[in-house]
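Given next are the chains, with one letter for each unit.
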Amino acid sequence: MSMISAFYGGKSILITGATGFLGKVLMEKLFRTSPDLKIIYILVRPKAGQTLQQRVFQILNSKLFEKVKEICPNVHEKIRPISADLNQHDFSITKEDMEELLSSTNIIFHCAATVRFDDHLRHAVQLNVTATQHLLLMASQMSKLEAFIHLSTAFSNCNLKHIDEVIYPCSVEPKKIIESMEWLDDAIIDEITPKLIRDWPNTYTYTKALGETVVQQEGANVNIAIIRPSIVGATWREPFPGWVDNLNGPSGLIIAAGKGFLRAIRATPMAVADLIPADTVVNLTLAAGWYTAVHRPKSTLIYHCTSGNLNPCNWLKMGLQVLATFEKVPFEKAFRRPNADFTTTNFTTHYWNAVSHRAPAVIYDCYLRLTGREPRVTKLMNRLLRTVSMLEYFINRSWEWSTHNTEMLMSVLSPEDQRIFNFDVRQLNWLEYIENYVLGVKKYLLKEDMAGVPEARQHLKRLRNIHYLFNIALFLIIWRLLTARWQMARNIWFFIVSFCYKFLSYFRASSTLKF
Ligand SMILES: CCCCCCCCCCCCCCCC(=O)SCCNC(=O)CCNC(=O)[C@H](O)C(C)(C)COP(=O)(O)OP(=O)(O)OC[C@H]1O[C@@H](n2cnc3c(N)ncnc32)[C@H](O)[C@@H]1OP(=O)(O)O
Ligand SMILES: NC(=O)C1=CN([C@@H]2O[C@H](COP(=O)(O)OP(=O)(O)OC[C@H]3O[C@@H](n4cnc5c(N)ncnc54)[C@H](OP(=O)(O)O)[C@@H]3O)[C@@H](O)[C@H]2O)C=CC1
């Protein structure tokens with residue numbers, strides 16, 4: 001019998017961010033491994049014209065939850081969506097809902113966050129710091145609370161090279177930042193943001209670091225653990241390989257490369273690609289929830305959920321495998337043939353961006369205009385290049401994360417739990433994982449059917465022929481222009497033609513002599 005599954009049985013669990021990528025995988029695993037849990041409260045906001053119920057209905061009807069519905073047919077009765085906006089005071093939770101949460105919750109998984117790198121500091125502080133502070137305040141009033149699990153990121157201290165499983169002090173007190181956000185106007189915040197975030201690359205990683213300090217300062221009366229995942233990718237095994245449902249991290253770039261928009265990226269090929277599958281993060285999170293509640297460690301334990309020090313993969317290996325999978329199973333209606341080159345200097349990056357990214361986009365937009373359609377590729381390309389520039393920080397550096405707590409946790413699990421809640425990345429076969437990731441992107445993000453693969457291959461062949469024809473035509477045009485303007489070019493041209501003529505004459509003469 002799994003100790004972890006049994007532990008969550010009969011429990012009331014509160015999840016924030018349950019509609020997000022990790023939140024859904026977490027909920028799915030909880031229902032599948034502990035179908036007798038009492039209830040999962042999820043804090044949800046109405047979004048995109050959908051009510052809470054519609055959002056929950058959509059999640060439960062997705063492919064991710066197919067297995068769960070077999071194991072736990074009454075799953076819809078066990079989810080209780082609570083209307084809440086974490087940006088609002090008291091989360092805009094009704095009095096009745098709040099009372100129920102305070103009196104019943106046993107475990108909290110705090111996943112909600114803004115993961116946008118370019119979010120305005122005010123908004124990032126609101127969600128990643130202030131909301132965490134409020135949630136801790138709520139947690140401290142929960143009479144039955146056994147554990148509070150906070151999802152942070154391994155990059156919350158990405159200004160350091162070696163990162164231990166500790167909370168590093170912030171140069172400015174989070175409380176002061178929270179206060180100042182209340183009265184400073186947007187223009188002043190914009191001005192001071194670079195000075196505040198200093199060597200953090202964006203507001204996301206900076207506010208996640210502040211969030212950890214808040215957890216440390218405000219969580220004295222609560223039994224807490226912090227999980228720090230690195231770059232979360234598609235699922236490895238559970239509930240099935242390759243599940244992914246948003247464009248964050250590598251997923252968006254895999255689409256951009258597979259569709260032939262992104263053909264080169266500025267990256268350090270040998271830098272560690274510290275990806276971690278979503279199901280691995282969830283397994284560690286659930287195991288940490290159990291350990292924190294049952295063993296009640298004296299201090300807040302931080303768990304690094306990373307792959308680099310146990311089973312490293314680099315960006316070159318990842319890029320090559322992504323490309324190899326595109327060869328086997330191409331994406332449909334590609335713009336150009338996929339390519340995945342790594343540039344390492346400013347010059348080559350600018351060259352690739354001009355020649356291989358912007359120029360084809362401009363040419364295609366001219367074609368769209370000429371055929372009476374709306375030009376759109378240049379705009380798309382500019383957005384893509386902006387996105388890539390924001391991710392570059394993470395693909396040109398390597399970090400070392402110590403994993404003592406994570407390894408300790410693995411060692412205290414029973415063999416049964418080590419199997420069911422496996423977070424041992426040493427067992428991960430990268431080539432197989434990356435192939436499944438790319439297939440998952442094709443199936444679950446792009447919603448492309450495997451039946452379309454032969455047509456996609458034909459399309460790539462046509463693109464190759466167009467590419468060759470285009471290059472030949474371009475060469476001839478350039479050459480014609482050069483010979484028309486420069487005597488030197490004409491002399492070279494004359495020399496090449498006469499050389500070829502002599503060579504052919506010699507070849508013809510020697511072959512007639514033989515017979
Ligand atoms: C050959 C393969 C090599 C693979 C090589 C992989 C390297 C991969 C390194 C990752 C390194 C992360 C390391 C931190 C790990 C964490 O701890 S954080 C969690 C991850 N967080 C993220 O990844 C958030 C990143 N994204 C953002 O911050 C924002 O989307 C951006 C990049 C600032 C763009 O903002 P924006 O211009 O306002 O655009 P937004 O409204 O978000 O989307 C605009 C369009 O771009 C698309 N888009 C959004 N994100 C992306 C994306 N990542 N890619 C492409 N398109 C995107 C959207 O779909 C949208 O399209 P339309 O719907 O308009 O057609
Ligand atoms: N994905 C990754 O690569 C990594 C993620 N992490 C961390 O893991 C956690 C989960 O990330 P992930 O699942 O990828 O993120 P997502 O962006 O997929 O999900 C974010 C969740 O937060 C919710 N949320 C955002 N704003 C509010 C609000 N104002 N009120 C209520 N809910 C809100 C979203 O709800 P809605 O659906 O309504 O928008 C969504 O459920 C985060 O803490 C993140 O920092 C750490 C390392 C890497």
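To be clear, the structure that these remarks concern was listed above.
Just so you know, these numbers come straight off a predicted model, no measurement behind them. All residue numbers refer to position in the chain's written sequence, counted from 1. As a convention, the first chain written is A and the first ligand written is 1, with the rest following in written order. Only residues with pLDDT of 70 or above have their local features reported here, since the model is predicted, and side-chain atom pairs are shown and tallied only from 80 upward, although totals for entire chains, interfaces and linings are computed over all residues. The side-chain figures draw on all heavy atoms in the structure; neither hydrogens nor water molecules are used.

Glancing now at the overall build of the protein chain. Numbered from the N terminus, helices here are DSSP runs of H or I no shorter than four residues, and strands are runs of E no shorter than two. Counting secondary structure elements, the protein chain contains 20 helices and 13 strands. The C-alpha extent of the protein chain, read off along each of the three principal axes, is 100 × 55 × 45 Å. Only heavy atoms matter for contacts: two residues are in contact if any of them lie within 4.5 Å across the pair. The long-range share in the protein chain, meaning contacts at least 24 apart out of those at least 6 apart in sequence, stands at 83%. In this description, accessible areas are obtained by the Shrake-Rupley approach with a 1.4 Å probe, and a residue is regarded as covered only by the protein chains that are shown. Put simply, the protein chain shows about 25400 Å² of open surface, and 59% of that area lies on carbon and sulfur atoms. The average position of the 58 basic charges and that of the 46 acidic charges among the side chains of the protein chain differ by 12 Å. His is not counted, nor are the chain ends, whereas Lys and Arg count as positive and Asp and Glu as negative. In this description, the location of a charge corresponds to atom NZ of lysine, CZ of arginine, CG of aspartate or CD of glutamate.

The cutoff for a nearby residue is simple: one of its non-hydrogen atoms must lie within 4 Å of the molecule or strand. Arg116, Phe117, Leu247, Gly249 and Arg386 are the nearest of the 22 residues found near ligand 1. Polar contacts, as used here, are pairs of N or O atoms within 3.5 Å; protein pairs need one atom able to donate a hydrogen and one able to accept it. Residues neighboring in sequence count only if both atoms are side-chain atoms. Between an oxygen atom of ligand 1 and a side-chain N or O atom of Tyr204, the distance comes to 3.2 Å. Within the side chain of Arg386, one N or O atom sits 2.7 Å away from an oxygen atom of ligand 1. Contact with the protein chains hides 79% of the accessible area of ligand 1, taken as 1300 Å² for the molecule alone. Secondary-structure elements contributing two or more residues to the shell around ligand 1 are α11 (250-258) and α15 (377-395). At six residues, the largest contribution of residues to the shell around ligand 1 is made by α15. Gly counts as polar in this scheme, as do all residues outside two lists: the nonpolar Ala, Val, Leu, Ile, Met, Phe, Trp, Tyr, Cys and Pro, and the charged Asp, Glu, Lys and Arg. Across the shell around ligand 1, the residue classes tally to 13 nonpolar, five polar and four charged.

Turning next to the state of the cysteines. Any pair of cysteine sulfurs within 2.5 Å is marked as a disulfide. This structure, assessed with the given rule, holds zero disulfides. The cysteine Cys111 is free of any disulfide, with Cys305 supplying the nearest cysteine sulfur at 12 Å. For every residue, the accessible area (1.4 Å probe, protein chains only) is compared with the maximum for its type, and the residue is labelled buried under 20%, exposed over 50%, or partly exposed between those bounds. Since its relative accessible area comes to 3%, Cys305 is described here as buried.

Coordinates in, geometry out; function isn't part of it.
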